[in-house]
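Topology and contacts: notes
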Amino acid sequence: MMAKGLFNFSKKILERFSNPENVGRIVKPDGIGYVSDPSHGIDLELYIKINNSIITEAKFKAFGCAATIATISMVSEMIEGKSIDQALAISEDEISAALNGLPPSKMHCARLGRELISSAIYDSKKRSNI
Amino acid sequence: MKRIYLDYAATTPTDPEVAKAMLPYLTKSYGNPSSLHSFGLEAKEAIEEARGSIADSIGARSSEVIFTSGGTEADNLAIKGITFQNKSRGDHIITSSIEHPAAIETCKFLEKRGNRITYLRVDSNGLVDPDEIKKAITNKTILVSIMHANNEVGTIEPIADIAKITKEADIPFHTDAVQTFGHIPVNVKSLGVDLLSVSAHKLYGPKGIGALYVRKGLELTPLFHGGGQENKNRSGTENTASIVGFAKAVDLTIQEIPTETIRLTSLRDLFIKGILEKIDDTRLNGHPQLRLPNNINVSIDYIEGESVMLNLDLEGICVSTGSACSSSEHGPSHVLLAMGLPREQAYGSLRITLGRWTNETHIEYILDSLIKIVTKLRAMSPLVVKVKNIE
């Protein structure tokens with residue numbers, strides 16, 4: 001019998017969680033997003049490279065539960081190749097759908113993902129204005 | 001995939017011998033124990049025999065054992081039953097901040113309805129200080145409830161010392177012995193308690209059956225009203241098969257305590273030594289010596305317990321964590337917080353509990369898996385750099 005794992009996660013979430021893409025930092029990023037609340041078991045960083053308003057590279061670091069790690073890895077992939085406006089328009093439902101559905105108890109992970117994208121892009125805008 | 005179960009504190013598999021003993025009471029001797037005909041009598045006799053043997057095993061009389069649906073009901077019956085019964089005498093209950101939810105939530109419920117509750121602090125090992133109980137007693141105190149051993153960190157509380165204080169003050173003393181019964185000696189006389197909760201499924205018995213010991217002479221208000229079973233303390237048709245199974249499980253497990261204690265303690269300490277030596281920034285939670293033979297609880301810095309647990313699960317290893325991360329409920333273990341652990345460390349805790357089928361190979365396998373998993377998760381964690389200031 002195949003072990004189902006916590007919360008009956010989709011295969012995609014388990015895959016992402018077991019072998020997440022884009023783990024790490026970018027040395028000279030154009031933007032860094034932070035969502036941090038270690039006292040609630042959450043600490044996330046997203047690094048992005050931007051060229052002509054297109055996100056060309058994204059990497060992340062995550063302290064969090066399995067669903068959070070899978071979600072942030074997925075988010076980092078989803079924004080690669082997208083324009084800043086397209087990345088900002090990604091909805092929580094789209095993030096969940098990309099993972100073949102987050103369980104209801106883990107939907108907050110999609111919100112964290114959105115917040116992280118906004119935070120990184122906001123940082124990049126601040127940097128480019130200087 | 002082969003699976004290794006290391007969550008025996010959550011529940012244990014039912015011993016095949018226990019299941020075998022139960023079966024006739026589901027299919028053949030199915031009478032209602034309250035019925036006066038021979039079917040009823042058969043069931044009644046089986047229940048009384050089981051009651052006698054369970055009572056015997058804890059040093060109690062048959063008439064002092066009330067069967068319940070499990071540990072939670074036993075705790076509820078003890079705490080509410082005594083509180084309701086002694087309404088005219090007082091309203092104050094003393095408990096600890098690390099009790100099982102079955103006790104702590106019951107106290108919170110009573111608190112909302114006007115009772116005063118003292119939730120005693122514990123030290124960094126999870127120990128309750130008997131002197132604190134002495135200080136907390138008022139002339140309105142009607143109950144002291146302190147668990148025998150903690151279900152998360154395995155710390156064994158000084159129950160006999162507390163009992164001396166409650167006896168002197170003439171206050172009923174309840175202990176939740178769900179984690180200790182069948183694992184270390186439990187005797188109501190040597191512990192000196194007035195009420196004691198036990199459960200079958202923690203000692204290779206079936207789920208859905210437990211018992212409350214109530215010292216002779218102590219009265220409590222029942223929670224269930226109806227046919228007056230269990231000497232009017234707990235109405236409802238008795239769960240004959242499970243009661244018989246419970247007694248069988250007790251018989252089998254109590255015999256094993258001396259040998260299992262030695263075997264499990266050595267496996268436990270092997271694991272603790274292994275993880276503390278092989279993985280940096282880990283620590284043991286709970287008392288190093290005054291500890292259940294089968295309990296390991298460790299904090300692993302910079303990573304979150306649930307993600308460790310799922311990784312282990314994917315490797316076929318089933319353990320438990322003090323961290324629950326969900327939208328509705330998002331908090332680390334109340335036990336670890338009460339022991340003074342910072343929230344980040346409480347989030348990185350893992351509980352591994354051993355049992356009858358755990359062997360040295362399992363310990364080595366989980367250690368190897370843990371090293372790989374921790375390395376992988378720490379590589380992802382932003383906290384490693386923040387705390388250690390490297391890179």
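No experiment lies behind these values; they were computed from the predicted model shown.

As a further point, take the sheet that holds strand β1 (residues 31–37) of chain A. Residue and element names in this part refer to chain A. As summarised here, the arrangement of the three strands in space is β1-β2-β3, forming an open sheet in which the pairing is antiparallel. The strands lining the two open edges of the sheet, one partner per strand, are β1 and β3 (54–63). In this sheet, neighbouring strand axes are inclined to one another by 15° on average, regardless of whether the strands run parallel or antiparallel. Bridge count between β1 and strand β2 (residues 42–51): seven bridges; the pairing is antiparallel. Bridging from a neighbouring strand, aspartate 37 pairs with isoleucine 42 of β2. The sheet contacts of helix α5 (residues 108–129) involve β1 and β2, and relative to β1 the element is tilted by about 135°.

This next bit is on the nonpolar core. The biggest cluster of nonpolar side chains holds 77 residues, and the ones touching the most others in it are Ala211, Leu212, Tyr213, Val244 and Phe246 of chain B. If you tally residues by element for this core, the top one is helix α9 (residues 240–278) of chain B, at seven residues. Mapped onto the domain boundaries, this core takes at least three residues apiece from domain 1 (4–9 + 257–378) and domain 2 (16–253) of chain B. Beyond its immediate chain neighbours, meaning those up to four positions away, valine 244 of chain B contacts Ala21, Met22, Tyr25, Ala46 and Ala50 of chain B. The next biggest cluster of nonpolar side chains, apart from the first, holds 66 residues, and it includes Ala58 and Leu102 of chain A together with Ile275 and Tyr302 of chain B.

Let us look at the packing of α9 of chain B against helix α13 (residues 360–380) of chain B. Residue and element names in this part refer to chain B. Following both chains from N to C, one finds α9 and α13 inclined at 20°, their axes separated by 10 Å at the closest point. In terms of their interaxial angle, α9 and α13 are classed as roughly parallel. Relative to α13, the crossing made by α9 is right-handed. Contact residues: α9 offers Leu267, Leu270, Phe271, Gly274, Ile275 and Lys278, while α13 offers Glu360, Ile363, Leu367, Leu370 and Ile371. In terms of residue class, the contact of α9 with α13 is built from eight nonpolar, one polar and two charged.

Basis of the calculations
Residues numbered from 1 in each chain as written. Chains lettered and ligands numbered in written order. Predicted model: local features only at pLDDT ≥ 70, side-chain atom pairs only at ≥ 80, totals over all residues. Pairing = 2+ DSSP bridges. Helix = DSSP H or I, 4+ residues; strand = E, 2+ residues; numbered from the N terminus. Axes fitted to C-alpha atoms, helices over the stretch in contact; angles between N-to-C directions. Contact = placed C-beta atoms within 7 Å. Core = buried A, V, L, I, M, F, W, Y, C linked by C-beta atoms within 7 Å. Buried ≥ 20, exposed ≤ 12 C-beta atoms within 10 Å, placed from the backbone. Domains from an automatic or database assignment. Parallel < 35°, antiparallel > 145°, perpendicular 65-115°, else oblique. Left-handed = near helix turned anticlockwise from the far one by under 90°. Nonpolar A, V, L, I, M, F, W, Y, C, P; charged D, E, K, R; others polar.

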